[in-house]
Amino acid sequence: MRILIVNTSEKTGGAAVAANRLKDALNNNGVKAKMLVRDKLTDDITVVSLGHEWRNQWNLLWERFCVYWNLNFSRNHLFEIDLANTGTDITRLREFKEADIIHLSWINQGMLSLKGIRKILDSGKPVVWTMHDIWPATGICHITLNCLRYQSACGNCRLLPNGGSTNDLSHRVLERKKRMLEGRNVMFVTCSKWLEKVARKSAILAGQQVRSIPNPIDTHVFHPADSKQARIKTGLPLNKKIILFASQRVTNVNKGISYLVEACHQLATKYPEMVDNTAVAILGGHAEDLREEFDFEVCELGYVNDTQQIVDVYNACDVFVLPSLSENLPNTIMEAMACGVPSIGFKVGGIPEMIDHRVNGYVAAERSADDLARGIRWILDEADYVALSEASVGKVLRCYSQRSVAMRYLEVYNEALAYKNFRL
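First, a word on what this report is: a plain description of the structure on this page. None of these values were measured; they are calculated from a predicted model.

**What to know about the overall build of the chain**
Item 1. Assigned secondary structure in the chain consists of 15 helices and 13 strands.
Item 2. Buried positions account for 57% of the 424 residues belonging to the chain.
Item 3. Taking the contacts inside the chain whose residues are at least 6 apart along the sequence as the reference set, 66% of them involve residues at least 24 apart.
Item 4. Accessible area for the chain stands at about 18400 Å²; split by element, carbon and sulfur atoms hold 50% of it.

Next comes the structure, spelled out in structure tokens:
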């Protein structure tokens, strides 16, 4: 069986990381898989570039301009909206023709257009589409933040100037997506049970098959290691307990670092001794913008893309905190748990599926800095840390290992092939 996974980037972003890991998991378990990407960053022979860089850049710029125009030339929400009004026709590529299954992943920002996706669906090849966020099931947004309009017709969109209108851009794109899927079958896969439940209510996905399969992780790469040696390698302090926060752009409001700042302030006030024995490590870009916000020492690690260095950072830390306001199935929590680091997150999205409250981490009440502070204090100073760490690793080995995820996807591929052949 030959699988072609289509994703905008090879490495950049959570969806790219997840798609790459799935490709490796499949290849390591007897399935031939390749990735087709716009942004190829390595010499991996299982990753194929679209080529035609100038055309790809034009597609990206044209879509951004169209969004910019619809925002009345405001930069607010510029990169929170995707239209898929332009992209590359991949059906002519040799890799497409050789594939038995076309597996769409995150295909935004000028990679594929709705018209191009419809051409893929009309090619006769079975299509599986992994949803890394809610965009395939909404008009134009990747995060709904409790908006339910995608369940009927979108419109009156919070992202558009003055709250949009009944027949605004979000409504028009939603209708185009419905027409794209009309009379066609796609096997939609969500990375979390939460997103599966949300996606099933979409007006776009009515009549489509939706199920959930988590992202995989290579537990031979992400695993526990000596904490002291990891701190020496990463330059993190040897004499403090370390709280880790990670995000591609740490100032992204959705990642909720302001709640971590407030939680640390509460801890410093209530437990003054923590000021001297606790540090916050920040992995990601723009950490310098938050240097003065914390009561604890801040260790700025910057943006890191070397996998072994990332593993060392996890193993150097005592707790991983991700207070996101919306999440699907974050790779960062999975990585931390695989390294034996207990995690804390809000009760949103797929996070409660990953963190078993007070078993391998702490699930805090949504948007509650108070509860976040309680969770940090509990893990660092009150809980049986060894038991939490062992439970974290055990959860990953049971649920997110390469083999377990690859086998579940193989079932989906076989079902997609059988369904397509039956329909023919």
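**With respect to the sheet that holds strand β11 (residues 319-322)**
Item 1. The six strands lie next to each other as β10-β9-β8-β11-β12-β13, forming an open sheet whose pairing is parallel. Since the sheet does not close on itself, it has two edges, and those belong to β10 (297-302) and β13 (361-364), each with one partner. Direction aside, the axes of adjacent strands within the sheet are offset by 20 degrees on average.
Item 2. Bridge analysis of strand β8 (residues 241-249) against strand β9 (residues 278-285) gives seven bridges, and the strand direction is parallel.

**Quick notes on the nonpolar core**
Item 1. Ranked by size, the top nonpolar core spans 71 residues in total, and within it I243, L260, I282, F294, F320 and I376 carry the most contacts.
Item 2. Broken down by element, this core gets its largest block of residues, eight residues, from helix α8 (residues 257-270).
Item 3. Dropping the residues within four chain positions of it, I376 is found in contact with I243, L260, A263, L267, V321 and I344.
Item 4. W129, M131, L160 and L195 belong to the second largest nonpolar core, which has 50 residues in total.

**Let's talk about the side chain of N7**
Item 1. Tracing the sequence through the fold places N7 in strand β1 (residues 2-9).
Item 2. Residue classification places N7 among the buried positions, given a relative accessible area of 2%.
Item 3. Side chain to side chain, N7 and S105 meet in a polar contact 2.9 Å long.
Item 4. In this structure N7 touches A15, A16, A19, M35, L36, V37, R38, S105, W106 and M111, once residues within four positions along its chain are discounted.

**What about the packing of α8 against helix α13 (residues 369-382)?**
Item 1. It is at 8 Å that the axes of α8 and α13 come closest, and there the two elements cross at 65 degrees. The two elements α8 and α13 cross, and the hand of that crossing is right-handed. Of the residues in α13, those touching α8 at Y259, L260, E262, A263, Q266 and L267 are A369, D370, L372, A373, I376 and R377.
Item 2. Along the lines of polarity and charge, the residues of the contact of α8 with α13 split into eight nonpolar, one polar and three charged.

**With respect to unusual backbone geometry**
Item 1. Backbone geometry at F73 places phi at a positive 60 degrees, although glycine is not the residue there.
Item 2. Mapping F73 onto the fold places it in the loop between α2 (53-70) and α3 (94-98).

**Topic: the environment of Q151**
Item 1. Relative to the assigned elements, Q151 resides in the loop between β5 (127-131) and α5 (169-181).
Item 2. Under the relative-accessibility criterion, Q151 is labelled partly exposed at 31%.
Item 3. Sequence separation between Q151 and I81 is 70 residues; the distance between their C-alpha atoms is 18 Å.
Item 4. Not counting the four nearest positions on each side in its chain, Q151 is found in contact with K201, S202 and A203.

**A word on the pairing of strand β6 (residues 187-190)**
Item 1. Where burial is concerned, the two faces of β6 agree: the one with M187 and V189 and the one with F188 and T190 are both buried.
Item 2. Note: β5 against β6, four bridges, orientation parallel. From the neighbouring strand, W129 faces β6, where its bridge partner is F188.
Item 3. In this region the chain leaves β5, passes through α5 and returns to the parallel neighbour β6; the handedness of that crossover is right-handed.
Item 4. As defined by bridge partners, β6 adjoins strand β7 (residues 209-212) across four bridges and the pair is classed as parallel.

**A short note on α5**
Item 1. For α5, built from 13 residues, the straight-helix expectation of 18 Å at 1.5 Å per residue is met to within 8% by its first-to-last C-alpha distance of 19 Å.
Item 2. Along α5, the residues that are buried comprise L169, S170, H171, V173, L174, K177, M180 and L181.
Item 3. Buried-residue contacts for α5 involve α2, α4 (114-121), β5 and β6.

**Details of the pairing of β9**
Item 1. Within β9, eight of the eight residues are buried, which leaves the element mostly enclosed by the surrounding structure.
Item 2. Sheet analysis places β9 next to β10, joined by five bridges and oriented parallel. Within β10, the residue paired with I282 across the bridge is E300.

Rules and cut-offs
- Residues numbered from 1 in each chain as written.
- Predicted model: local features only at pLDDT ≥ 70, side-chain atom pairs only at ≥ 80, totals over all residues.
- Heavy atoms only, no water.
- Helix = DSSP H or I, 4+ residues; strand = E, 2+ residues; numbered from the N terminus.
- Buried < 20%, exposed > 50% of the residue type's maximum accessible area, 1.4 Å probe, protein only.
- Contact = heavy atoms within 4.5 Å.
- Areas by Shrake-Rupley, 256 points an atom, 1.4 Å probe, with all protein chains shown as cover.
- Pairing = 2+ DSSP bridges.
- Axes fitted to C-alpha atoms, helices over the stretch in contact; angles between N-to-C directions.
- Core = buried A, V, L, I, M, F, W, Y, C linked by side-chain atoms within 4.5 Å.
- Polar contact = N/O pair within 3.5 Å; in protein donor to acceptor, adjacent residues only side chain to side chain.
- Left-handed = near helix turned anticlockwise from the far one by under 90°.
- Nonpolar A, V, L, I, M, F, W, Y, C, P; charged D, E, K, R; others polar.
- Right-handed = clockwise from strand over helix to strand, strands pointing away.
- Expected span 1.5 Å × (residues − 1).

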